[in-house]
Amino acid sequence: AASLSYGEVIADRYGTGITFKVLNSKLVEQYESSAFAMDIGVQGRFGADDRLKLGLSALNIGSNVRYSASDDPLPLMFRAGGSYLLDIGGKKNTTASLDLVRESGQDIKACIGLEYLIRNTVALRGGYKSGKIAGNLNFGVGFFLGDWNFEYAFSDEKDLGAVHSGSLGFKFGD
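Sequence positions are assigned chain by chain, starting from 1 and proceeding in written order. Selection of residues for local features in this predicted model requires a pLDDT of at least 70, selection of side-chain atom pairs for listing and counting requires 80 or more, and totals for whole chains, interfaces and linings are taken over all residues. The basis for every side-chain value is the complete set of non-hydrogen atoms in the structure, without hydrogens or water.

Things to note about the packing of aromatic side chains
Part 1 of the reasoning: For Phe, Tyr and Trp, where Trp contributes only its six-membered ring, two rings pair if their centres lie within 6.5 Å, and the inter-plane angle classes them as stacked under 30 degrees, edge-to-face over 60, or tilted in between. Under the criterion given, the structure shown has four aromatic pairs.
Part 2 of the reasoning: With a centroid separation of 6.1 Å and an interplanar angle of 70°, the aromatic rings of Tyr14 and Phe46 are classed as edge-to-face. Separated by 32 residues along the polypeptide, Tyr14 in strand β2 (residues 14-27) and Phe46 in strand β3 (residues 31-46) bring together distant segments of the chain.
Part 3 of the reasoning: Each residue gets one of three labels from its accessible area relative to the maximum for its type: buried under 20%, exposed over 50%, partly exposed in between, using a 1.4 Å probe on protein chains only. A relative accessible area of 31% means that Phe46 is categorised as partly exposed. Going along the chain from the N terminus, every DSSP run of H or I of four or more residues is numbered as a helix, and every run of E of two or more is numbered as a strand.

Okay, here's the thing in structure tokens:
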């Protein structure tokens, strides 16, 4: 899979973003398919010191995955969530979050998480997902250096076992 994202701040408290994705899939080394999709979202910051963030997103809006005789839609997903920057010992470096996720044809699931930021350069993360969204327990770390960031996550997928994922990012502009 490959993706390209763009985000924009609106009126200093709100933001919107879009991601375009190209997905490739191969089954049993003989069936291959590609699909195109996009994710869209909005987020707002609230409160006197912007410690509360609320957002909505829609994911996997796009084409079907087509194999030999089947035509399967991507799992359309809607998310609503929020986060709150906690003040622990006079330091605002811990964020608590809650997301509600609705995937097409499934019940609403809840995801909770914590992030602890060390000197604005390293983020330690942990979370729990109810139901079968992916894995129940997730752990991760993020590194920030100037406009660059590297993210790593580990998840205990119920069906696949241990899953490792990572990303490299670059921030353009302010």
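Now that the structure has been shown, we can carry on.
Focus on the environment of Ala2
Part 1 of the reasoning: Structurally, Ala2 can be placed in strand β1 (residues 2-10).
Part 2 of the reasoning: Note on Ala2: relative accessible area 47%, which makes it partly exposed.
Part 3 of the reasoning: It is 25 Å that separates the C-alpha atoms of Ala2 and Ala69, two residues lying 67 residues apart in sequence.
Part 4 of the reasoning: For this analysis, residues touch if any pair of their heavy atoms sits within 4.5 Å. When residues no more than four places from it in sequence are discounted, the contact partners of Ala2 are Phe20, Lys21 and Val22.

Observations regarding the nonpolar core
As a rule of thumb, soluble globular proteins bury nonpolar side chains together.
Part 1 of the reasoning: Only buried residues count toward a nonpolar core. Its members are Ala, Val, Leu, Ile, Met, Phe, Trp, Tyr and Cys residues joined through side-chain atoms within 4.5 Å. Grouped together as the largest cluster of nonpolar side chains are five residues: Ala35, Ala37, Val65, Tyr67 and Leu74.
Part 2 of the reasoning: Beyond its immediate chain neighbours, meaning those up to four positions away, Val65 contacts Ser33, Ala35, Ser70, Asp71, Asp72 and Leu74.

A word on the confidence of the model for the protein chain
Part 1 of the reasoning: pLDDT is a residue-level measure of predictor confidence that goes from 0 to 100. Put simply, the protein chain has an average pLDDT of 88, and 96% of its residues get 70 or more.
Part 2 of the reasoning: Mean pLDDT values over the elements of the protein chain span from 78, in strand β5 (residues 65-66), up to 96, in strand β4 (residues 52-62).

Looking at unusual backbone geometry
Part 1 of the reasoning: The phi dihedral of Asp12 falls on the positive side, at around 65°, and the residue is not glycine.
Part 2 of the reasoning: Within the chain, Asp50 stands out as a residue other than glycine whose phi angle is a positive 55°.
Part 3 of the reasoning: Asp50 sits in the partly exposed class, given a relative accessible area of 23%.

Here we look at the side chain of Glu103
Part 1 of the reasoning: Topologically, Glu103 is positioned in strand β8 (residues 91-103).
Part 2 of the reasoning: Put simply, Glu103 is tucked away with no salt bridge, and the nearest opposite charge, on Lys109, sits 7.0 Å away. Only four residue types enter the tally: Lys and Arg on the positive side, Asp and Glu on the negative side; His and the chain ends are excluded. Salt bridges are counted wherever a side-chain nitrogen of Lys or Arg sits within 4 Å of a carboxyl oxygen of Asp or Glu.

Section: a nonpolar patch on the surface
Part 1 of the reasoning: A grouping of Phe143, Leu145, Trp148, Phe150, Tyr152, Leu168, Phe170 and Phe172 is seen on the molecular surface, where their side chains present a nonpolar patch of about 920 Å² in accessible area.
Part 2 of the reasoning: Secondary structure elements with two or more residues in the nonpolar patch: β11 (135-145), β12 (148-157) and β13 (161-170).
Part 3 of the reasoning: Ranked by residue count, the leading element in the nonpolar patch is β12, at three residues.
Part 4 of the reasoning: Positionally, Phe150 belongs in strand β12. Patch construction takes residues with relative accessible area above 30% that form no salt bridge. Like charges are linked within 9 Å, and nonpolar side chains (Val, Leu, Ile, Met, Phe, Trp, Tyr) are linked within 5 Å. Per-residue accessibility takes into account occlusion by the displayed protein chains alone, with areas from the Shrake-Rupley method and a 1.4 Å probe.

Topic: the pairing of β3
Regular strands place side chains that alternate from one sheet face to the opposite one.
Part 1 of the reasoning: At least two DSSP bridges between two strands are needed for those strands to be called paired. Sheet topology note: the β2/β3 ladder contains 14 bridges and is antiparallel. Within the sheet, the bridge partner assigned to Thr16 lies in β3 and is Val42.
Part 2 of the reasoning: Here β2 folds back onto β3, and the loop between the two strands holds three residues, one of which, Val28, carries a positive phi near 50°.
Part 3 of the reasoning: Here β3 folds back onto β4 in antiparallel fashion, the turn holding five residues, of which Gly47 has a positive phi close to 95°.

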